[in-house]
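# Close look at the chain arrangement
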Amino acid sequence: ALGELGSQPLRSWARHLLLLCWGLVAVQYGLHVWQLGQGTSPWLVRPDVVDGFLPIAGGLGLRAWLGQGLVDPHHPAATITVLVLSLSALLLGRAFCAWFCPIGLVGEWLHGLRNRLLPGEWTPPRWLDWLLRAQKFLVLGFLLFIILLAVPAAALPGYLASPYHQAADMKMGAFFFNLSLVSGLCLGWVLLLTATFRQGFCRYLCPYGAWFALLGLLTPLRIRRDPARCTGCGACTAACPNSIRVHSSNTVRSPECTACYGCVSACPQAGALRMGLPRSKKALTLSLYGLVTLAAFVFVPQAFRAFGYWDTDTPN
């Protein structure tokens, strides 16, 4: 049934459904924070999944858990999110980017709107592309510095119990809800790159994408080309949203590959392109790849939640 449905429509429907879920989460969280601000007891609970937008809290929580056996009582969902994302990148590559990321889908909409108003695909020269791409690795380096070096091991227990850490989600929200000149300029730069270039946010700004790109270099699952069946038409390269030269690569090793299967779907020659393991002729279909991805991001967190490691203990 999944094969008859078609791979790319299935991915598209899944992404739109998940974006709708994120929208509902945002409304629920906004109302919860607003009720707290009114001094009343919220009738809507805090959706703990918003902790997924706290990479520093998640990284510090994971470091404390693995290194000292400490459980973060305030943002455990952030810890689990960072753990699941990192493990999925090692096993599946950048599956999150292709199937789950709500910002990536919104970025595609913004780029599509710009393309209607100012038609044309704008490709920066190679030197500028590399310069812009370095941004996300600089942001990732800053985050890793805070997680690994800025907070000494002896200070981790005190930090996890601090009011600063308890309110990490509120502080992240305040960055967007109470824009200053500097934060407004930063947000404007994000919107400019996202709308101007295809996959602009993912390629040039997303620190999660940079982290997945590094871990994804170790994954055995890759897009592989069979030279004997390939006609060299270039349809795969034209379909790639990240401008990877798929038609000239026997194995796609680019860190920018998000495993969206766009090249595989566009290939007119059956069997010329496949996602698979080395020295194996079996192909992993996008439908199966998507089901494995969804299972990792839906059922694994639920399993942790069943064992009491997901919901926050922070009082209202």
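Look up: the structure comes first, before these words.
The notes below deal with the structure included here. (Residues numbered from 1 in each chain as written. Predicted model: local features only at pLDDT ≥ 70, side-chain atom pairs only at ≥ 80, totals over all residues. Heavy atoms only, no water.)

### Considerations on the overall build of the chain
Secondary structure assignment for the chain yields 16 helices and two strands. For 316 residues, the compact-globule estimate of 2.2 N^0.38 gives 20 Å, and the chain sits close to it at 21 Å. Dimensions of the chain, computed from C-alpha atoms along their principal axes, come out at roughly 65 × 45 × 40 Å. Evaluated residue by residue, the chain yields a buried proportion of 44% over its 316 residues. Sequence separation of at least 24 residues holds for 76% of the intrachain contacts in the chain that already meet a minimum separation of 6. On the chain, roughly 16,700 Å² of surface is accessible, and the fraction owed to carbon and sulfur atoms is 70%. (Helix = DSSP H or I, 4+ residues; strand = E, 2+ residues; numbered from the N terminus. Rg over C-alpha atoms; globule rule 2.2 N^0.38 Å. Buried < 20%, exposed > 50% of the residue type's maximum accessible area, 1.4 Å probe, protein only. Contact = heavy atoms within 4.5 Å. Areas by Shrake-Rupley, 256 points an atom, 1.4 Å probe, with all protein chains shown as cover.)

### Regarding empty space enclosed by the protein
Counted under the stated rule, the structure contains four cavities of 30 Å³ or more. Considering only enclosed or pocket space, the largest cavity measures out at about 150 Å³ in volume. Along its surface, the largest cavity is lined by 19 residues, and Gly-93, Gly-216, Thr-219, Arg-222 and Cys-257 are the ones closest to its centre. When contributions to the lining of the largest cavity are tallied by element, the ones reaching two or more residues are helix H13 (207–216) and strand S1 (222–225). Here the lining of the largest cavity takes three residues from H13, the largest share from any one element. For the second largest cavity, the lining is made up of 14 residues, of which Cys-240, Cys-257, Ala-259, Cys-260 and Cys-263 are closest to its centre. A class-by-class count of the residues in the lining of the second largest cavity yields eleven nonpolar, three polar and no charged. (1 Å grid on protein atoms, 1.4 Å probe; cavity = no way out; pocket = protein on both sides within 12 Å on 5 of 7 lines; lining within 4 Å. Points joined across faces, edges and corners; volume = space filled by probe spheres on them. Nonpolar A, V, L, I, M, F, W, Y, C, P; charged D, E, K, R; others polar.)

### Comments concerning the packing of aromatic side chains
This structure, assessed with the given rule, holds eleven aromatic pairs. On the numbers, 5.1 Å between centres and 75° between planes, the contact of Trp-22 with Phe-53 is edge-to-face. One end of the pair, Trp-22, is in helix H2 (residues 7–37); the other, Phe-53, is in the loop between H2 and helix H3 (55–68), and 31 residues separate them in sequence. Arranged with centres 5.9 Å apart and planes meeting at 65°, the rings of Phe-96 and Phe-212 form a pair that is edge-to-face. With Phe-96 in helix H5 (residues 95–99) and Phe-212 in helix H13, the pair connects residues that are 116 residues apart, well separated along the chain. One exposure class covers both Phe-96 and Phe-212, and it is buried. A cation over an aromatic ring shows up here: Arg-114 above the ring of Trp-122, its NZ or CZ 3.9 Å from the ring centre. Sitting over the ring of Trp-130, Arg-133 keeps its end group 5.2 Å from the ring centre. (Phe/Tyr/Trp six-rings, centres within 6.5 Å; stacked < 30°, edge-to-face > 60°. Lys NZ or Arg CZ within 6 Å of the ring centre and 35° of its normal.)

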